[in-house]
Amino acid sequence: MTDRIVLAYSGGLDTSVAIGWIAEATGQEVVAVAVDVGQGGESLETVRQRALDCGAVEAYVADARDEFADQYCMPTLKANGLYMDSYPLVSAISRPVITKHLVAAAQQFGASTVAHGCTGKGNDQVRFEVGIQTLGPELKCIAPVRDLALTRELAIEYAEKHNLPIETTKKNPFSIDQNVWGRAVETGFLEDIWNGPTKDVYDYTEDPSFPPSPDVVTITFDQGVPVALDGQTVTALEAIEQLNRRAGAQGVGRIDIVEDRLVGIKSREIYEAPGAMALIAAHRELENITLEREQARFKKTVDQRWTELVYDGQWFSPLKRNLDAFIDETQKYVSGEIRLELHGGRATVQGRRSETSLYDFNLATYDAGDAFDQSSARGFIDIFGLSSKVASQREQRIHGKPDFSGLGNLDR
């Protein structure tokens, strides 16, 4: 029996050519795997048929949109996942769900190798191969562009020579990856980091310089997950999709960043994530009123480490699972409503309401009804500052009192 290779298949030129290219280079049959994570475009059936027409012996297609939203986007939201405080992990969180389906297909069709279309200088090769090694340690990995010298020029030549059913003349100046959580754009003139992005870079968002009237949305959360918009029940996928439209119309979620790639280089990226950025803004604010102070401070450290692990392709790692458990525990009381104004590229919190809030009006107010016992403050300050006071007394005993006389020459 001929050995088989499972190929992560997008339906585009490079992966369509890769089917025959891999078969010729290895002598093995190719099974194409297409996973819908909300990237839009052609139907899965169209993609499946093209894979077969390009020489795949089997074509595995999966509608993973709800799976992606529930099991990958929502954990990212709970962790307020923003790499370098900016990038909401658009591509990083789609790779593990695709990887899971690649390994499942390899098991189903008896393949010993998994192939992907990544280059040798990006993050995704690491994300795919580390994930594959973790879920299917017995599987080997190859990358046609990196390992089998498949360039775009050769891909076009190969497609035309073999009359493959794929467009070969249109050349997009950008490299684009998109899903329901957002859109990533790189290469072309964007590689000169002095160049500003032009309007043709964007698709998910409108120009925030000319916004329509403000759009106010109330997002209801239950344990860190959005469950309703303006009182209408939604699934996680529906929440993201609806906010992509509404926040995108206001130009919310445009990100221009030079980021530190895992492979050691800096790369200029443009991202659009209107729904993700609106949800993160709302989720963060709800955490502000429902998480205890020390818990909230420590969670910021956990969130950053979680984000770095996911960016670095460690979605299935033991540490990431451990951090998931902590983050999930913190979400127990992150329930309530956040009112956001979407306008001119910004998602601004206008109101907060939660039955599990730690905000106590009677403790916070300076007006009549103040329940805070101000007489407790003096003793608290004495004890809180005691260790610093004792250390300062030691310094002055050994080195003398500091001279502040120069600070007293004030013009009057």
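Preceding this paragraph is the structure being described.
The rules we used
- Here the residue numbers are simple positions, counted from 1 along each chain's written sequence.
- Selection of residues for local features in this predicted model requires a pLDDT of at least 70, selection of side-chain atom pairs for listing and counting requires 80 or more, and totals for whole chains, interfaces and linings are taken over all residues.
- Heavy atoms from the whole structure form the basis of all side-chain values; hydrogens and water molecules are not counted.
- Strand pairing is assigned whenever DSSP detects at least two bridges linking the two strands.
- Helix and strand labels come from DSSP, where a helix needs a run of H or I of at least four residues and a strand needs a run of E of at least two; each type is numbered from the N terminus.
- Note on definitions: angles span 0 to 180 degrees between N-to-C directions of axes, and those axes are lines fitted to C-alpha atoms, for helices only across the stretch in contact.
- Here a cavity denotes a set of grid points, spaced 1 Å apart and computed over the protein atoms alone, in which a 1.4 Å probe fits but from which it cannot get out, and a pocket denotes an open set meeting protein on both sides within 12 Å along at least five of seven lines; residues with an atom within 4 Å of a point are reported as lining.
- Grid points are joined across faces, edges and corners, and a volume is the space filled by probe spheres set on the points.
- The classification used treats Ala, Val, Leu, Ile, Met, Phe, Trp, Tyr, Cys and Pro as nonpolar, Asp, Glu, Lys and Arg as charged, and all other residues, Gly among them, as polar.
- When a residue's accessible area, from a 1.4 Å probe over protein chains only, is under 20% of the maximum for its type it is buried; when over 50% it is exposed; and in between it is partly exposed.
- In this description, contact between two residues means that some pair of their heavy atoms is separated by no more than 4.5 Å.

### Let's talk about the sheet that holds strand β11 (residues 254-260)
Then, number 1: Reading across the sheet, the four strands line up as β6-β7-β12-β11 and stay open at both edges, with antiparallel pairing between neighbours. Edge strands, defined here as strands with exactly one partner in the open sheet, are β6 (175-179) and β11. Across the sheet, the mean angle from the axis of one strand to that of its neighbour is 20°, orientation sign disregarded.
Then, number 2: Pairing geometry for strand β7 (residues 182-186) and strand β12 (residues 266-272), over three bridges, is antiparallel.

### Side note on the sheet that holds strand β8 (residues 215-222)
Then, number 1: Reading across the sheet, the five strands line up as β10-β9-β8-β13-β14 and stay open at both edges, with antiparallel pairing between neighbours. On the outer flanks of this sheet lie β10 (232-233) and β14 (346-353), each paired with one strand and no other.

### Overview of the layout of surface pockets
Then, number 1: Empty space within the second largest pocket amounts to approximately 390 Å³.
Then, number 2: Together, 18 residues line the second largest pocket, and Asn80, Arg284, Lys300, Asp303 and Gln304 are the ones closest to its centre.
Then, number 3: Those elements that provide at least two residues to the lining of the second largest pocket are α9 (274-290) and α10 (293-311).
Then, number 4: If one sorts the elements of the lining of the second largest pocket by residue count, α10 sits on top with eight residues.
Then, number 5: A breakdown of the residues in the lining of the second largest pocket according to their chemical character gives six nonpolar, five polar and seven charged.

### Quick look at the environment of leucine 154
Then, number 1: Locating leucine 154 in the fold gives a position in helix α7 (residues 152-161).
Then, number 2: For leucine 154, a relative accessible area of 30% gives the class partly exposed.
Then, number 3: Setting aside residues up to four positions removed in sequence, leucine 154 forms contacts with Trp21 and Ala149.

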